[in-house]
Amino acid sequence: MLSVRSGVEKGFQEVRARAENEPELLRRGPGYVLYALMDAVVDRYFPLLQTVELELERIEEQIFAATAPRANIEALYALKQRLMAFRHAVVPLLESLGNISGARVPLACAGMQEYFRDISDHLQRLNQTIESIRDTIATAIAVNLSMISLQENETMKRLAAYGALVAVPTMIAGIYGMNFEHMPELGWEYGYWTVIAVMVAIDVWIFNRLRKAKWL
């Protein structure tokens, strides 16, 4: 039996140790060695997938903390790419196991169908978990985009509210800034302070109304 691996730090020493500790199964030949190798590879997927789940939970907490929405989107898409790599590894292996554990079993794997079905069950669980995480990532992306829209709406509401506070004094000052010769209150001694008081009173009223409407 020959195994080929590329860019992998962890080898298959534990597979060899397992085979040596189970001589009665090792007597079945290369079918058992293939089973042991595939079982070791599939078992290594579980902690990696758990790492993805933990990372997704961390990003979800950041989404509702309303911090760095762009960074959250980038992190979610990076997780989605990692998940697709998992899927590309799991699905072909699942199809291969279907051939090994089915009706037309290769001679080298004869009598090992039960063991390969056990690996197939693990892969089915992995595939279901991958699909579940994909759905959760899609939901998280949608929620993050909604949070961004809500933040933008809040910003627009605040800008509109401040614009309303500035608009009334600007309008009154604009009226009295017109260069007409005959205008009411132009010669009144307390005209200036009265206009200022009216501006302040109107802005205070508008400010209170906006606060009640939760625009400020």
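Engineer: I'd love a proper account of the packing of aromatic side chains, names of residues and values included.
Structural biologist: Enumeration according to the criterion identifies two aromatic pairs in this entry. Here the aromatic rings of Y45 and F86 are separated by 6.3 Å at their centres, their planes lie at 90°, and the arrangement is edge-to-face. Taken as a pair, Y45 in helix α3 (residues 30–64) and F86 in helix α4 (residues 69–100) lie far apart in primary sequence, 41 residues in all. Side by side, Y45 and F86 carry an identical accessibility label, which is buried. Measuring from ring centre to ring centre gives 5.0 Å for Y192 and W193, while their planes differ by 80°; the resulting arrangement is edge-to-face. Across this residue pair, the class does not change: Y192 and W193 are exposed.

Engineer: Residues and numbers for the side chain of N72, please.
Structural biologist: As for its position among the elements, N72 is in helix α4. On the accessibility criterion, N72 (2% relative accessible area) is buried. The contact partners of N72, leaving out residues within four places of it in the chain, are I59, Q62, I63, T67 and N144.

Engineer: Which residues make up the pattern of salt bridges, and what are the values?
Structural biologist: Taken as a whole and assessed by the stated rule, the structure comprises three salt bridges. One salt bridge in this structure joins R58 and E55, with 2.3 Å as the shortest N-O distance. Of the two residues, R58 and E55 are both situated in helix α3; the distance of three residues between them amounts to about one turn of the helix. Overall, the relative accessible area of 26% leaves E55 in the partly exposed class. The shortest N-O distance in the salt bridge between R87 and E131 comes to 2.9 Å. Remark: E131 occurs in helix α5 (residues 113–176) and R87 occurs in helix α4; sequence separation between them is 44 residues. The partly exposed category is assigned to R87, whose relative accessible area is 27%.

Engineer: Break down the environment of L123 for me, citing the residues and quoting the values.
Structural biologist: Here L123 shows up in helix α5. L123 sits in the buried class, given a relative accessible area of 0%. In this structure, L123 is in contact with V42, V90, L93, L94 and L97, ignoring residues within four places of it in sequence.

Here is what the cut-offs are and how they apply
- Residues numbered from 1 in each chain as written.
- Predicted model: local features only at pLDDT ≥ 70, side-chain atom pairs only at ≥ 80, totals over all residues.
- Heavy atoms only, no water.
- Phe/Tyr/Trp six-rings, centres within 6.5 Å; stacked < 30°, edge-to-face > 60°.
- Helix = DSSP H or I, 4+ residues; strand = E, 2+ residues; numbered from the N terminus.
- Buried < 20%, exposed > 50% of the residue type's maximum accessible area, 1.4 Å probe, protein only.
- Contact = heavy atoms within 4.5 Å.
- Salt bridge = Lys/Arg side-chain N within 4 Å of Asp/Glu carboxyl O.

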